[in-house]
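Spelled out from the first residue to the last, the chains are:
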Amino acid sequence: MKLFYQDSTIEIDLNSTKVNYLCIEKHSVFRHMILELYEQYNGGEGPWIYNVNAERIAIDKSFHIIMNPIQVDVNSKTILTKLNANLVKESNLMMEDLHDVVCKLHQFFYKLEFGANIALEHKEEIVAADLIKLGGFKIHESDTDTVARLIDYIDIVHELLDPDLFVIMNIDLYLDLEELDQFFNTILAKHLCFLCISSGSYGLQNIDKSLIFCYTLDYYFFLFYV
C-alpha cells in the first residue's frame, strides 16, 4: 500500500510493522494538505492518491481519519449505522425469536386499534430493522484516560468499519512521550496500519525510532526520510 501526493515527491510506503509518521513543518502547507485529504475522505476530489498493488483505491472507502484524538465519538452516525446493520443481520439469523417478538407486537398494536375511538391501522410488515431501531442501541462509553479511550475507539472502528488505514492528526501535541510510547506499542501489537500526520516535529527526536517510520516535509517542501 502506498500513499502519494500528486505532482510532488511524497511517496509513503504504508505498512503495519511501524507507525508511519508524516511531519509537515510549514503550517500553511500542513493546513492545505490536510483540508485536501479531508475533502477526499468525504468523497470529494483531490491530489492524494492511495494505491494497493498499483491500483488506485478511493480514500473515502479505505481510510478512517481522526482529526482530534482527544475528542473521539464512538457513537458517531457512521459507526452506529454499521452497528445497526450488523445487529439486523444477527437478528435475522434468530428467526424463531424474531417471529415471536413480531407476533407479540402485532397483538399489542391490534389491542390499541380495537380500544381506540377512531379507526386506526398499523404497519403490517415489521422487520428486523424496525426492532433494532426501536432498541436505540449505542456503544457504552467507559470513563477511561485519554490513551485508553482513543484505543477503545480505534478497536471499535476496526471491528465495525475495518479501514485499510487509520490517519490521525497531531497526536504528539496531545500525548506525553510515555503516552506516545504506550499508544504506538499498542497499535503495533494490533497489527493496524497507521499514519500520523503532524504540523511540526515537536518531541519527534525523543520518540523511539524502532516504533516509527518518519517522513519529513520541511519548510521548503522537500521530503526527507528518517
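Each remark here, short or long, concerns the structure printed above.
So, here is what we can say about the structure in this document. (Residues numbered from 1 in each chain as written. Predicted model: local features only at pLDDT ≥ 70, side-chain atom pairs only at ≥ 80, totals over all residues. Heavy atoms only, no water.)

### With respect to the packing of aromatic side chains
Then, in step 1: Counting across every chain of the model gives 9 aromatic pairs.
Then, in step 2: Taking the centre distance of 5.8 Å and the plane angle of 45° together, the rings of Tyr38 and Tyr41 count as tilted. Of this pair, Tyr38 and Tyr41 both sit in helix α1 (residues 27-41), separated by 3 residues, roughly a single helical turn. (Phe/Tyr/Trp six-rings, centres within 6.5 Å; stacked < 30°, edge-to-face > 60°. Helix = DSSP H or I, 4+ residues; strand = E, 2+ residues; numbered from the N terminus.)

### Some thoughts on the environment of Glu179
Then, in step 1: Counting through the fold element by element, Glu179 comes out in helix α7 (residues 177-189).
Then, in step 2: In this structure Glu179 comes out as partly exposed when scored by relative accessible area, which is 27%.
Then, in step 3: Between the C-alpha atom of Glu179 and that of Glu25, which follows or precedes it by 154 residues, the distance is 23 Å. (Buried < 20%, exposed > 50% of the residue type's maximum accessible area, 1.4 Å probe, protein only.)

### What about the packing of helix α6 (residues 146-160) against α7?
Then, in step 1: Between α6 and α7, the shortest axis-to-axis distance is 10 Å and the interhelical angle comes to 20°. As summarised for this structure, α6 and α7 are arranged roughly parallel, according to the angle between their axes. Judged by the sense of rotation from one axis to the other, the crossing of α6 with α7 is right-handed. Here Val147, Leu150, Ile151 and Ile154 of α6 lie close against α7, whose contacting residues are Glu179, Gln182, Phe183, Thr186 and Ile187.
Then, in step 2: Within the contact of α6 with α7, the residues separate by chemical class into 6 nonpolar, 2 polar and 1 charged. (Axes fitted to C-alpha atoms, helices over the stretch in contact; angles between N-to-C directions. Parallel < 35°, antiparallel > 145°, perpendicular 65-115°, else oblique. Left-handed = near helix turned anticlockwise from the far one by under 90°. Contact = heavy atoms within 4.5 Å. Nonpolar A, V, L, I, M, F, W, Y, C, P; charged D, E, K, R; others polar.)

### Structural notes on a nonpolar patch on the surface
Then, in step 1: A cluster of nonpolar residues, Ile70, Leu173 and Tyr174, forms a patch on the protein surface that exposes about 260 Å² of accessible area.
Then, in step 2: Looking at the secondary structure, you find Tyr174 in the loop between β7 (165-169) and α7. (Patch = residues over 30% accessible without salt bridge, like charges linked within 9 Å, V, L, I, M, F, W, Y side chains within 5 Å. Areas by Shrake-Rupley, 256 points an atom, 1.4 Å probe, with all protein chains shown as cover. Salt bridge = Lys/Arg side-chain N within 4 Å of Asp/Glu carboxyl O.)

### Here we look at the pattern of salt bridges
Then, in step 1: Inspection of the entire model under this criterion finds 4 salt bridges.
Then, in step 2: Linking Asp13 and Lys2 is a salt bridge whose minimum nitrogen-to-oxygen distance equals 3.8 Å. Of this pair, Asp13 sits in strand β2 (residues 11-13) while Lys2 is found in strand β1 (residues 2-5), placing the two residues 11 residues apart along the sequence.
Then, in step 3: Classification of Asp13 as partly exposed rests on a relative accessible area of 38%.
Then, in step 4: A relative accessible area of 30% means that Lys2 is categorised as partly exposed.
Then, in step 5: Note that Asp130 and Lys123 form a salt bridge whose closest N and O atoms lie 3.0 Å from each other.
Then, in step 6: The exposure class of Asp130 is partly exposed, given its relative accessible area of 26%.
Then, in step 7: Exposure remark for Lys123: the relative accessible area of 49% places this residue in the partly exposed category.

### Some details on the side chain of Asn170
Then, in step 1: Within the secondary structure, Asn170 is located in the loop between β7 and α7.
Then, in step 2: Take Asn170: its relative accessible area is 12%, and that puts it in the buried class.
Then, in step 3: In this structure the side chain of Asn170 is engaged in a polar contact, spanning 2.8 Å, whose partner is the backbone nitrogen of Ser199.
Then, in step 4: Non-local contacts of Asn170, meaning those with residues more than four positions away in its chain, are made with Phe30, Ile197, Ser198 and Ser199. (Polar contact = N/O pair within 3.5 Å; in protein donor to acceptor, adjacent residues only side chain to side chain.)

### Considering the state of the cysteines
Then, in step 1: Per the counting criterion, the structure on display carries 0 disulfides.
Then, in step 2: Between Cys193, a cysteine without a disulfide, and Cys196, which holds the nearest cysteine sulfur, the sulfur-to-sulfur distance is 11 Å.
Then, in step 3: Overall, the relative accessible area of 7% leaves Cys193 in the buried class.
Then, in step 4: For the unlinked cysteine Cys196, the closest cysteine sulfur is that of Cys214, found at 10 Å.
Then, in step 5: Accessibility expressed as a relative area gives 1% for Cys196, which makes it buried. (Disulfide = S-S within 2.5 Å.)

### Quick look at the sheet that holds β2
Then, in step 1: The strand order β2-β1-β4-β5 describes an open sheet built from 4 strands, whose pairing is antiparallel. Each having just a single partner strand, β2 and β5 (55-57) make up the two edges of the open sheet. Each adjacent strand pair in this sheet contributes to an overall mean axis angle of 30°, direction not counted.
Then, in step 2: Examined bridge by bridge, β1 and strand β4 (residues 48-52) share 4 bridges and lie antiparallel to one another. Looking at β4, one finds that Phe4 is bridged to Ile49.
Then, in step 3: Relative to β4, α1 is tilted by about 55°, and along the sheet it contacts β1 and β4. (Pairing = 2+ DSSP bridges.)

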